[in-house]
Amino acid sequence: LTGVLDDCLCDIESIDDFNTFKIFPKIQKLQERDYFRYYKVNLKRPCPFWADDGHCSIKDCHVEPCPESKIPVGIKAGSSNKYSKVANNSKELEDCEQANKLGAVNSTLSNQSKEAFIDWARYDDSQDHFCELDDERSPDAQYVDLLLNPERYTGYKGPSAWRVWNSIYEENCFKPRSVYRPLNPLAPSRVFNLGSVCLFSWTGLCLEKRVFYKLISGLHASINLHLCANYLLEETWGKPRWGPNVKEFTRRFDPIETKGEGPRRLKNLYFLYLIELRALSKVAPYFERSVVDLYTGNGHEDAESKALLLDIFRDTKSFHMHFDEKSMFAGDKKGAKSLKEEFRLHFKNISRIMDCVGCDKCRLWGKLQTQGLGTALKILFSEKEIQSLPENSPSKGFQLTRQEIVALVNAFGR
(Lines give C-alpha, C1' and ligand atoms only; values in the text may rest on other atoms or scores of the structure.)
Protein backbone atom coordinates (compact mmCIF):
# COMPACT_ATOMS: atom_id res chain seq x y z
CA LEU A 1 0.00 0.00 0.00
CA THR A 2 1.09 3.54 -0.76
CA GLY A 3 -0.39 7.01 -0.91
CA VAL A 4 -2.85 9.12 1.05
CA LEU A 5 -5.77 7.69 3.03
CA ASP A 6 -9.29 8.92 2.31
CA ASP A 7 -10.92 11.34 4.79
CA CYS A 8 -7.61 12.42 6.34
CA LEU A 9 -4.39 14.12 5.29
CA CYS A 10 -2.10 11.26 6.10
CA ASP A 11 0.00 8.99 3.91
CA ILE A 12 0.63 5.32 4.57
CA GLU A 13 4.43 5.58 4.44
CA SER A 14 4.45 8.13 7.31
CA ILE A 15 2.27 5.85 9.47
CA ASP A 16 4.51 2.84 8.74
CA ASP A 17 7.65 4.77 9.64
CA PHE A 18 6.16 6.28 12.82
CA ASN A 19 4.71 2.98 14.03
CA THR A 20 7.72 0.78 13.26
CA PHE A 21 10.38 2.96 14.86
CA LYS A 22 8.49 4.76 17.64
CA ILE A 23 5.21 3.24 18.75
CA PHE A 24 5.25 -0.53 18.19
CA PRO A 25 8.32 -1.46 20.31
CA LYS A 26 6.96 0.53 23.27
CA ILE A 27 3.40 -0.77 22.98
CA GLN A 28 4.77 -4.33 22.92
CA LYS A 29 6.62 -3.71 26.18
CA LEU A 30 3.56 -2.13 27.77
CA GLN A 31 1.33 -5.09 26.87
CA GLU A 32 3.72 -7.42 28.71
CA ARG A 33 3.35 -5.55 32.02
CA ASP A 34 1.04 -6.98 34.67
CA TYR A 35 -1.46 -4.11 34.57
CA PHE A 36 -2.16 -4.67 30.87
CA ARG A 37 -1.79 -8.43 30.50
CA TYR A 38 -4.67 -9.45 32.79
CA TYR A 39 -8.13 -8.73 31.32
CA LYS A 40 -11.35 -9.54 33.14
CA VAL A 41 -14.01 -10.84 30.76
CA ASN A 42 -17.23 -12.84 30.84
CA LEU A 43 -17.10 -15.46 28.07
CA LYS A 44 -20.34 -17.10 29.19
CA ARG A 45 -22.78 -14.31 28.38
CA PRO A 46 -25.56 -15.65 26.15
CA CYS A 47 -25.99 -14.37 22.60
CA PRO A 48 -28.76 -11.75 22.79
CA PHE A 49 -29.79 -11.98 19.11
CA TRP A 50 -30.24 -15.62 18.18
CA ALA A 51 -30.21 -19.10 19.66
CA ASP A 52 -26.68 -20.08 20.56
CA ASP A 53 -25.01 -22.36 18.00
CA GLY A 54 -23.12 -24.09 20.77
CA HIS A 55 -19.49 -23.56 21.59
CA CYS A 56 -16.64 -24.46 19.30
CA SER A 57 -15.25 -27.89 20.22
CA ILE A 58 -11.86 -27.29 18.60
CA LYS A 59 -9.26 -27.39 21.38
CA ASP A 60 -7.55 -24.21 20.17
CA CYS A 61 -10.79 -22.28 20.72
CA HIS A 62 -10.44 -22.83 24.46
CA VAL A 63 -9.37 -19.97 26.74
CA GLU A 64 -7.52 -20.88 29.91
CA PRO A 65 -8.66 -18.55 32.72
CA CYS A 66 -5.97 -17.29 35.08
CA PRO A 67 -5.90 -18.74 38.62
CA GLU A 68 -6.69 -16.12 41.27
CA SER A 69 -3.31 -16.78 42.88
CA LYS A 70 -1.55 -15.47 39.74
CA ILE A 71 -3.39 -12.11 39.65
CA PRO A 72 -1.46 -9.23 41.27
CA VAL A 73 -3.20 -8.37 44.53
CA GLY A 74 -3.60 -4.70 43.59
CA ILE A 75 -5.56 -5.63 40.45
CA LYS A 76 -8.05 -7.96 42.12
CA ALA A 77 -8.59 -5.77 45.20
CA GLY A 78 -11.73 -3.64 45.24
CA SER A 79 -13.75 -2.32 42.36
CA SER A 80 -13.03 -2.47 38.67
CA ASN A 81 -12.70 1.32 38.51
CA LYS A 82 -9.85 1.47 40.98
CA TYR A 83 -6.79 2.84 39.22
CA SER A 84 -4.88 4.38 42.14
CA LYS A 85 -3.54 3.22 45.48
CA VAL A 86 -5.55 5.83 47.37
CA ALA A 87 -8.24 3.39 48.49
CA ASN A 88 -6.01 0.34 48.61
CA ASN A 89 -4.94 0.33 52.25
CA SER A 90 -3.43 -2.71 53.90
CA LYS A 91 -6.65 -3.65 55.74
CA GLU A 92 -8.48 -3.88 52.43
CA LEU A 93 -5.77 -6.06 50.94
CA GLU A 94 -6.08 -8.45 53.90
CA ASP A 95 -9.86 -8.51 53.39
CA CYS A 96 -9.27 -9.25 49.72
CA GLU A 97 -6.98 -12.18 50.48
CA GLN A 98 -9.54 -13.59 52.90
CA ALA A 99 -12.35 -13.15 50.38
CA ASN A 100 -10.35 -14.92 47.69
CA LYS A 101 -9.97 -17.95 49.94
CA LEU A 102 -13.75 -18.11 50.22
CA GLY A 103 -14.63 -17.41 46.59
CA ALA A 104 -13.41 -15.97 43.33
CA VAL A 105 -15.32 -12.70 43.60
CA ASN A 106 -14.19 -10.15 46.15
CA SER A 107 -17.08 -7.99 47.30
CA THR A 108 -15.26 -6.39 50.25
CA LEU A 109 -15.08 -2.60 49.94
CA SER A 110 -14.21 0.14 52.41
CA ASN A 111 -16.81 2.89 52.95
CA GLN A 112 -14.61 5.29 51.00
CA SER A 113 -14.47 2.82 48.10
CA LYS A 114 -18.24 2.27 48.25
CA GLU A 115 -18.90 6.02 47.91
CA ALA A 116 -16.44 6.31 45.04
CA PHE A 117 -17.88 3.22 43.40
CA ILE A 118 -21.42 4.66 43.55
CA ASP A 119 -20.18 7.82 41.84
CA TRP A 120 -18.31 5.85 39.20
CA ALA A 121 -21.19 3.44 38.64
CA ARG A 122 -23.58 6.36 38.21
CA TYR A 123 -21.32 7.75 35.52
CA ASP A 124 -20.88 4.34 33.92
CA ASP A 125 -24.65 4.10 33.57
CA SER A 126 -24.71 7.37 31.63
CA GLN A 127 -25.02 7.80 27.89
CA ASP A 128 -21.33 8.03 27.01
CA HIS A 129 -20.55 4.36 26.49
CA PHE A 130 -20.14 3.02 22.99
CA CYS A 131 -19.82 -0.56 24.29
CA GLU A 132 -21.82 -3.04 26.29
CA LEU A 133 -19.45 -3.62 29.22
CA ASP A 134 -19.17 -6.93 31.03
CA ASP A 135 -20.21 -6.85 34.67
CA GLU A 136 -16.90 -7.59 36.37
CA ARG A 137 -18.72 -8.56 39.57
CA SER A 138 -20.48 -11.44 37.82
CA PRO A 139 -19.42 -14.91 39.02
CA ASP A 140 -18.89 -15.77 35.34
CA ALA A 141 -16.32 -12.98 34.83
CA GLN A 142 -12.77 -14.33 34.95
CA TYR A 143 -9.30 -12.93 34.57
CA VAL A 144 -7.49 -14.02 31.43
CA ASP A 145 -3.75 -13.71 30.83
CA LEU A 146 -3.65 -12.26 27.32
CA LEU A 147 -0.03 -13.33 26.80
CA LEU A 148 -0.96 -16.98 27.38
CA ASN A 149 -4.05 -16.79 25.13
CA PRO A 150 -2.75 -15.16 21.92
CA GLU A 151 -5.05 -14.23 19.07
CA ARG A 152 -4.57 -16.72 16.24
CA TYR A 153 -6.41 -18.94 13.78
CA THR A 154 -8.24 -21.65 15.71
CA GLY A 155 -10.16 -23.34 12.88
CA TYR A 156 -13.39 -21.51 13.77
CA LYS A 157 -15.21 -20.70 10.51
CA GLY A 158 -18.33 -21.55 8.52
CA PRO A 159 -21.96 -20.48 9.09
CA SER A 160 -21.47 -19.49 12.74
CA ALA A 161 -18.58 -17.10 12.00
CA TRP A 162 -20.33 -15.85 8.84
CA ARG A 163 -23.51 -15.06 10.78
CA VAL A 164 -21.63 -12.81 13.23
CA TRP A 165 -20.00 -10.69 10.54
CA ASN A 166 -23.14 -10.65 8.41
CA SER A 167 -25.14 -9.32 11.36
CA ILE A 168 -22.51 -6.63 11.94
CA TYR A 169 -22.41 -5.44 8.34
CA GLU A 170 -26.04 -5.95 7.29
CA GLU A 171 -27.88 -4.90 10.44
CA ASN A 172 -25.56 -2.64 12.42
CA CYS A 173 -23.35 -0.82 9.95
CA PHE A 174 -23.91 2.27 7.82
CA LYS A 175 -23.21 0.74 4.42
CA PRO A 176 -22.41 2.26 1.06
CA ARG A 177 -25.32 1.49 -1.29
CA SER A 178 -23.46 -1.00 -3.46
CA VAL A 179 -22.10 -3.15 -0.63
CA TYR A 180 -23.05 -6.77 -0.99
CA ARG A 181 -22.17 -9.81 1.03
CA PRO A 182 -22.85 -13.50 0.30
CA LEU A 183 -26.38 -14.41 1.29
CA ASN A 184 -26.14 -18.13 1.82
CA PRO A 185 -23.29 -19.45 3.97
CA LEU A 186 -24.31 -23.03 3.28
CA ALA A 187 -23.99 -22.76 -0.50
CA PRO A 188 -21.74 -25.62 -1.66
CA SER A 189 -19.90 -23.54 -4.22
CA ARG A 190 -18.03 -21.42 -1.66
CA VAL A 191 -16.25 -21.71 1.66
CA PHE A 192 -17.49 -19.00 4.04
CA ASN A 193 -15.41 -17.65 6.83
CA LEU A 194 -14.22 -14.20 7.92
CA GLY A 195 -12.98 -13.15 4.47
CA SER A 196 -16.25 -12.40 2.69
CA VAL A 197 -16.46 -10.24 -0.43
CA CYS A 198 -17.52 -6.62 -0.08
CA LEU A 199 -17.52 -4.17 -3.01
CA PHE A 200 -18.74 -0.62 -2.73
CA SER A 201 -18.72 3.04 -3.68
CA TRP A 202 -19.28 5.90 -1.24
CA THR A 203 -22.29 7.43 -3.00
CA GLY A 204 -24.66 9.05 -0.56
CA LEU A 205 -22.74 8.46 2.68
CA CYS A 206 -21.82 11.41 4.91
CA LEU A 207 -18.42 11.60 6.62
CA GLU A 208 -19.67 10.16 9.92
CA LYS A 209 -21.17 7.07 8.27
CA ARG A 210 -18.08 6.57 6.11
CA VAL A 211 -15.96 6.71 9.27
CA PHE A 212 -18.17 4.15 11.02
CA TYR A 213 -17.99 1.73 8.11
CA LYS A 214 -14.21 2.12 7.82
CA LEU A 215 -13.73 1.44 11.52
CA ILE A 216 -15.70 -1.81 11.35
CA SER A 217 -13.94 -2.85 8.14
CA GLY A 218 -10.57 -1.95 9.72
CA LEU A 219 -11.40 -4.03 12.80
CA HIS A 220 -12.38 -6.94 10.54
CA ALA A 221 -9.13 -6.57 8.57
CA SER A 222 -7.13 -6.46 11.80
CA ILE A 223 -8.66 -9.71 13.06
CA ASN A 224 -8.15 -11.39 9.66
CA LEU A 225 -4.51 -10.30 9.59
CA HIS A 226 -3.82 -11.82 12.99
CA LEU A 227 -5.41 -15.10 11.87
CA CYS A 228 -3.20 -15.18 8.76
CA ALA A 229 -0.04 -14.21 10.67
CA ASN A 230 -0.52 -16.81 13.42
CA TYR A 231 -2.04 -19.76 11.57
CA LEU A 232 -1.96 -23.43 12.56
CA LEU A 233 0.37 -24.72 9.83
CA GLU A 234 0.73 -28.30 11.02
CA GLU A 235 0.22 -30.48 14.06
CA THR A 236 2.62 -33.39 14.33
CA TRP A 237 2.88 -35.64 17.38
CA GLY A 238 0.71 -33.24 19.32
CA LYS A 239 3.10 -30.34 18.75
CA PRO A 240 1.35 -27.59 16.78
CA ARG A 241 3.39 -25.25 14.61
CA TRP A 242 2.02 -21.73 14.18
CA GLY A 243 3.19 -19.14 11.68
CA PRO A 244 2.33 -16.90 8.71
CA ASN A 245 0.03 -18.39 6.06
CA VAL A 246 0.76 -16.44 2.88
CA LYS A 247 -1.86 -18.30 0.87
CA GLU A 248 -4.59 -17.36 3.35
CA PHE A 249 -3.38 -13.74 3.45
CA THR A 250 -3.49 -13.61 -0.36
CA ARG A 251 -7.02 -15.03 -0.41
CA ARG A 252 -8.28 -12.29 1.90
CA PHE A 253 -6.26 -9.26 0.73
CA ASP A 254 -4.81 -9.76 -2.77
CA PRO A 255 -6.28 -7.24 -5.27
CA ILE A 256 -7.03 -9.91 -7.90
CA GLU A 257 -8.39 -12.53 -5.48
CA THR A 258 -10.68 -9.96 -3.82
CA LYS A 259 -11.66 -8.07 -7.01
CA GLY A 260 -9.84 -4.94 -5.82
CA GLU A 261 -11.31 -5.00 -2.33
CA GLY A 262 -8.26 -6.28 -0.38
CA PRO A 263 -6.16 -3.09 -0.48
CA ARG A 264 -9.20 -1.06 0.61
CA ARG A 265 -9.62 -3.35 3.62
CA LEU A 266 -5.98 -2.75 4.55
CA LYS A 267 -6.40 1.01 4.13
CA ASN A 268 -9.30 0.84 6.55
CA LEU A 269 -6.95 -0.84 9.05
CA TYR A 270 -4.63 2.18 8.76
CA PHE A 271 -7.64 4.43 9.30
CA LEU A 272 -8.55 2.47 12.45
CA TYR A 273 -4.94 2.91 13.64
CA LEU A 274 -5.22 6.68 13.19
CA ILE A 275 -8.49 6.87 15.14
CA GLU A 276 -7.06 4.93 18.09
CA LEU A 277 -3.80 6.91 17.91
CA ARG A 278 -5.84 10.11 18.09
CA ALA A 279 -7.72 8.81 21.13
CA LEU A 280 -4.45 8.02 22.94
CA SER A 281 -3.17 11.54 22.37
CA LYS A 282 -6.49 13.02 23.56
CA VAL A 283 -6.67 10.97 26.77
CA ALA A 284 -3.12 11.81 27.86
CA PRO A 285 -4.22 14.53 30.36
CA TYR A 286 -6.32 11.93 32.19
CA PHE A 287 -3.22 9.79 32.91
CA GLU A 288 -0.77 12.66 33.37
CA ARG A 289 -2.42 13.55 36.70
CA SER A 290 -0.55 12.44 39.82
CA VAL A 291 -3.74 10.89 41.23
CA VAL A 292 -3.75 8.25 38.48
CA ASP A 293 -1.55 5.25 39.16
CA LEU A 294 -1.60 1.98 37.18
CA TYR A 295 -1.96 0.10 40.43
CA THR A 296 -0.99 -3.56 40.78
CA GLY A 297 0.49 -3.46 44.28
CA ASN A 298 4.09 -3.46 43.00
CA GLY A 299 5.21 0.16 43.39
CA HIS A 300 8.33 -0.12 41.24
CA GLU A 301 6.54 -1.84 38.35
CA ASP A 302 3.57 0.57 38.58
CA ALA A 303 5.90 3.58 38.27
CA GLU A 304 7.67 2.03 35.28
CA SER A 305 4.36 1.19 33.58
CA LYS A 306 3.07 4.74 33.97
CA ALA A 307 6.37 6.23 32.74
CA LEU A 308 6.23 4.01 29.63
CA LEU A 309 2.58 4.92 29.00
CA LEU A 310 3.34 8.66 29.29
CA ASP A 311 6.29 8.18 26.92
CA ILE A 312 3.91 6.64 24.37
CA PHE A 313 1.53 9.59 24.82
CA ARG A 314 4.39 11.99 24.03
CA ASP A 315 5.05 10.05 20.83
CA THR A 316 1.39 10.13 19.80
CA LYS A 317 1.34 13.91 20.24
CA SER A 318 4.45 14.26 18.07
CA PHE A 319 2.66 12.72 15.08
CA HIS A 320 1.38 15.63 13.00
CA MET A 321 -1.11 13.92 10.70
CA HIS A 322 -3.88 12.88 13.08
CA PHE A 323 -7.46 12.33 12.02
CA ASP A 324 -9.47 15.42 12.99
CA GLU A 325 -12.67 14.26 14.66
CA LYS A 326 -13.87 17.88 15.02
CA SER A 327 -15.23 17.61 11.47
CA MET A 328 -17.67 14.95 12.68
CA PHE A 329 -21.15 15.75 13.99
CA ALA A 330 -20.56 19.38 13.12
CA GLY A 331 -23.86 20.13 11.32
CA ASP A 332 -27.01 21.60 12.86
CA LYS A 333 -27.19 20.71 16.57
CA LYS A 334 -30.36 18.64 16.43
CA GLY A 335 -29.27 16.58 13.42
CA ALA A 336 -25.72 16.15 14.77
CA LYS A 337 -27.00 14.96 18.16
CA SER A 338 -29.36 12.47 16.53
CA LEU A 339 -26.60 11.12 14.25
CA LYS A 340 -24.14 10.80 17.15
CA GLU A 341 -26.69 8.80 19.17
CA GLU A 342 -27.38 6.56 16.16
CA PHE A 343 -23.61 6.07 15.78
CA ARG A 344 -23.27 5.14 19.47
CA LEU A 345 -26.19 2.69 19.49
CA HIS A 346 -24.99 0.93 16.32
CA PHE A 347 -21.57 0.41 17.85
CA LYS A 348 -23.03 -0.73 21.16
CA ASN A 349 -25.02 -3.36 19.31
CA ILE A 350 -21.87 -4.59 17.58
CA SER A 351 -20.20 -5.01 20.98
CA ARG A 352 -23.18 -7.17 22.03
CA ILE A 353 -22.86 -9.32 18.88
CA MET A 354 -19.40 -10.36 20.11
CA ASP A 355 -21.21 -12.49 22.71
CA CYS A 356 -22.52 -14.57 19.79
CA VAL A 357 -19.05 -15.73 18.67
CA GLY A 358 -18.90 -19.50 19.23
CA CYS A 359 -15.13 -19.79 19.73
CA ASP A 360 -14.00 -18.58 23.16
CA LYS A 361 -10.61 -17.36 21.99
CA CYS A 362 -12.18 -15.49 19.06
CA ARG A 363 -14.82 -14.10 21.43
CA LEU A 364 -12.14 -12.92 23.88
CA TRP A 365 -10.19 -10.98 21.25
CA GLY A 366 -13.33 -9.77 19.48
CA LYS A 367 -14.70 -8.38 22.74
CA LEU A 368 -11.38 -6.84 23.71
CA GLN A 369 -10.78 -5.11 20.36
CA THR A 370 -14.37 -3.91 20.11
CA GLN A 371 -14.21 -2.52 23.63
CA GLY A 372 -10.88 -0.88 22.84
CA LEU A 373 -12.38 0.88 19.84
CA GLY A 374 -15.49 1.79 21.84
CA THR A 375 -13.23 3.33 24.50
CA ALA A 376 -11.39 5.30 21.81
CA LEU A 377 -14.70 6.71 20.55
CA LYS A 378 -15.77 7.56 24.11
CA ILE A 379 -12.51 9.51 24.53
CA LEU A 380 -12.86 11.38 21.23
CA PHE A 381 -16.34 12.57 22.17
CA SER A 382 -15.33 13.59 25.72
CA GLU A 383 -12.62 16.15 24.97
CA LYS A 384 -14.15 18.95 27.07
CA GLU A 385 -14.63 16.65 30.07
CA ILE A 386 -11.01 15.44 29.84
CA GLN A 387 -9.66 18.99 29.63
CA SER A 388 -11.54 20.02 32.80
CA LEU A 389 -10.41 17.11 35.01
CA PRO A 390 -9.36 17.91 38.60
CA GLU A 391 -5.65 17.32 39.22
CA ASN A 392 -5.74 15.76 42.68
CA SER A 393 -9.02 13.88 42.98
CA PRO A 394 -10.81 11.10 41.10
CA SER A 395 -12.88 12.52 38.26
CA LYS A 396 -16.64 12.24 38.10
CA GLY A 397 -17.08 13.93 34.73
CA PHE A 398 -14.89 11.48 32.82
CA GLN A 399 -13.83 8.08 34.07
CA LEU A 400 -12.20 5.00 32.57
CA THR A 401 -12.51 1.60 34.21
CA ARG A 402 -9.43 -0.59 34.35
CA GLN A 403 -11.20 -2.89 31.88
CA GLU A 404 -11.48 -0.01 29.38
CA ILE A 405 -7.84 1.03 29.88
CA VAL A 406 -6.58 -2.51 29.30
CA ALA A 407 -8.83 -2.92 26.24
CA LEU A 408 -7.74 0.42 24.74
CA VAL A 409 -4.01 -0.33 25.00
CA ASN A 410 -4.27 -3.94 23.81
CA ALA A 411 -6.60 -3.09 20.91
CA PHE A 412 -4.17 -0.43 19.73
CA GLY A 413 -1.34 -2.95 20.21
CA ARG A 414 -3.18 -5.36 17.91
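Treat the numbers as computed from the prediction; the structure is a model and nothing was measured.

A. A look at the UniProt feature "binding site: FAD" (unreviewed entry) in the chain. Residues given the UniProt feature "binding site: FAD" (unreviewed entry) here are Arg152, Thr154, Trp165, Ser217, His220 and Arg252. Along the polypeptide, Ser217 turns up in helix α7 (residues 207-229). The exposure class assigned to Ser217 is buried, which follows from its relative accessible area of 5%. Residues in contact with Ser217, not counting those within four places in the same chain, are Tyr169, Arg265 and Asn268. Within the secondary structure, Arg252 is located in helix α8 (residues 246-253). For Arg252, a relative accessible area of 2% puts it in the buried group. At 2.6 Å, the side chain of Arg252 and the side chain of Asn224 are in polar contact.

B. Summary view of the UniProt feature "active site" (unreviewed entry) in the chain. Annotation from UniProt places "active site" (unreviewed entry) at Cys359 and Cys362. Mapped onto the elements of the fold, Cys359 is located in the loop between α11 (333-353) and α12 (360-380). For Cys362, the location among the structural elements is in helix α12. Apart from residues lying up to four places away in sequence, Cys362 is in contact with Thr154, Tyr156 and Val357.

C. Quick look at unusual backbone geometry. At Lys259, a position not held by glycine, the phi torsion is positive, near 55 degrees. We classify Lys259 as exposed; its relative accessible area is 60%.

D. Broad picture of the packing of helix α1 (residues 12-31) against helix α14 (residues 402-413). At their nearest, the axes of α1 and α14 sit 10 Å apart, and the two run at 135 degrees to each other. What the angle tells us is that α1 and α14 run oblique. The two elements α1 and α14 meet at a crossing, and its hand is left-handed. Along its contact with α1, which presents Ile23, Phe24, Ile27, Leu30 and Gln31, the element α14 presents Val409, Asn410, Phe412 and Gly413.

E. Spotlight on the pairing of strand β1 (residues 38-42). The buried fraction of β1 amounts to 5 of the 5 residues, a majority that puts the element mostly inside the structure. In this structure, β1 lies alongside strand β2 (residues 141-145), joined through 5 bridges in antiparallel fashion. Its bridge partner being in β2, Lys40 is matched across the sheet by Tyr143.

Procedures and definitions
Residues numbered from 1 in each chain as written. Predicted model: local features only at pLDDT ≥ 70, side-chain atom pairs only at ≥ 80, totals over all residues. Heavy atoms only, no water. UniProt positions renumbered as here; feature names shortened; annotations may be inferred. Helix = DSSP H or I, 4+ residues; strand = E, 2+ residues; numbered from the N terminus. Buried < 20%, exposed > 50% of the residue type's maximum accessible area, 1.4 Å probe, protein only. Contact = heavy atoms within 4.5 Å. Polar contact = N/O pair within 3.5 Å; in protein donor to acceptor, adjacent residues only side chain to side chain. Axes fitted to C-alpha atoms, helices over the stretch in contact; angles between N-to-C directions. Parallel < 35°, antiparallel > 145°, perpendicular 65-115°, else oblique. Left-handed = near helix turned anticlockwise from the far one by under 90°. Pairing = 2+ DSSP bridges.

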